[in-house]
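Okay, here's what each chain looks like letter by letter:
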Amino acid sequence: MTKTNKHKKSIIHIVIWLLCITVATLLCLCIVYLLWKDGRFLPKWIDWESRSESHTFTDIPGEYEDPDREVYVETADLSLNGRRFSMSVEGKDIIWKSGEEWRVSDYIVGDIDHDGEDEVVLLMWKIGSFGIYKPIWIKEDEKTWSQHIGIYDFDVNDEDRLAPEWVSSRMGIEAAEIRLDDEEKLHIVTPEGKETIWCWNEWGLQLLE
């Protein structure tokens, strides 16, 4: 074999080696990205709850509804499993499920807005601080995971039963635990154990203390 052929063969080996390294690197980056997008790198302190229960909801005629309409009562099955929240009612399959790209760590049920009806409150993580709609001064949503609280009304006129009443943008604090007290005020506990109390103030949650 001539010296020129040996040189060409050596270059081919180097090119193949570099291609293998490039492909392996790209594959690793793709795997890491998919794991990140699936929420696998979220904080370790998150306690991912998993439970099922039945709850009886009441739907009272609203301000713009027929006041003579009967109060509607329906029992629903609630489930939090695999970081997804879902709800079903008697005789039907799942009629409401949390967003596919959301990661729900916990939920509570109670009359958080003091309207005489119970709402579902989700504690969740998602990529971006907003959804489809965002403030006009925000040109592009964030591309990072952040924690949010979503409050959903039980509405018999809605085919999915749960209608969004208020969903927070990125929370200013980390929430390891949420609960409602006897006055339906929301308590948020941080991973360090600091507790704050929030109440509904017509348009969202307001910090009390």
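Residues numbered from 1 in each chain as written. Predicted model: local features only at pLDDT ≥ 70, side-chain atom pairs only at ≥ 80, totals over all residues. Heavy atoms only, no water.

Visitor: Explain the packing of aromatic side chains here, please?
Guide: Scanning all chains against the criterion turns up seven aromatic pairs. Members of the aromatic cluster, connected to one another through ring pairs, are F85, W96, Y107 and Y152. The residue whose ring lies beneath R83 is W48, and the NZ or CZ to ring-centre distance is 4.0 Å. (Phe/Tyr/Trp six-rings, centres within 6.5 Å; stacked < 30°, edge-to-face > 60°. Lys NZ or Arg CZ within 6 Å of the ring centre and 35° of its normal.)

Visitor: When you look at the sheet that holds strand β9 (residues 177–180) in this model, what are you seeing that I'm missing?
Guide: Picture the strands of a sheet paired through backbone hydrogen bonds; they go either parallel or antiparallel. Read across the sheet, four strands follow the order β9-β10-β11-β12 without closing on themselves; strand pairing throughout is antiparallel. The open sheet has two edge strands with one neighbour each: β9 and β12 (205–207). Sheet twist, expressed as the average angle between the axes of neighbouring strands with direction ignored, equals 30 degrees. Sheet topology places β9 next to strand β10 (residues 186–189); four bridges connect them, and they run antiparallel. In the sheet register, R179 faces β10, and the bridge partner there is H187. (Pairing = 2+ DSSP bridges. Helix = DSSP H or I, 4+ residues; strand = E, 2+ residues; numbered from the N terminus. Axes fitted to C-alpha atoms, helices over the stretch in contact; angles between N-to-C directions.)

Visitor: Hey, could you run me through the nonpolar core in this one?
Guide: Soluble, globular proteins show a tendency: their nonpolar side chains are buried together. Ranked by internal contacts, the top residues of the largest apolar core, which has 17 residues, are F57, L78, F85, M87, W96, L122 and L162. For L78, the residues in contact, after removing those within four places along its chain, are R51, S52, E53, H55, F57, F85, S86, M87, Y107 and V109. Of all hydrophobic cores here, the second largest spans 15 residues; its members include I112, V121, L123 and W166. (Core = buried A, V, L, I, M, F, W, Y, C linked by side-chain atoms within 4.5 Å. Buried < 20%, exposed > 50% of the residue type's maximum accessible area, 1.4 Å probe, protein only. Contact = heavy atoms within 4.5 Å.)

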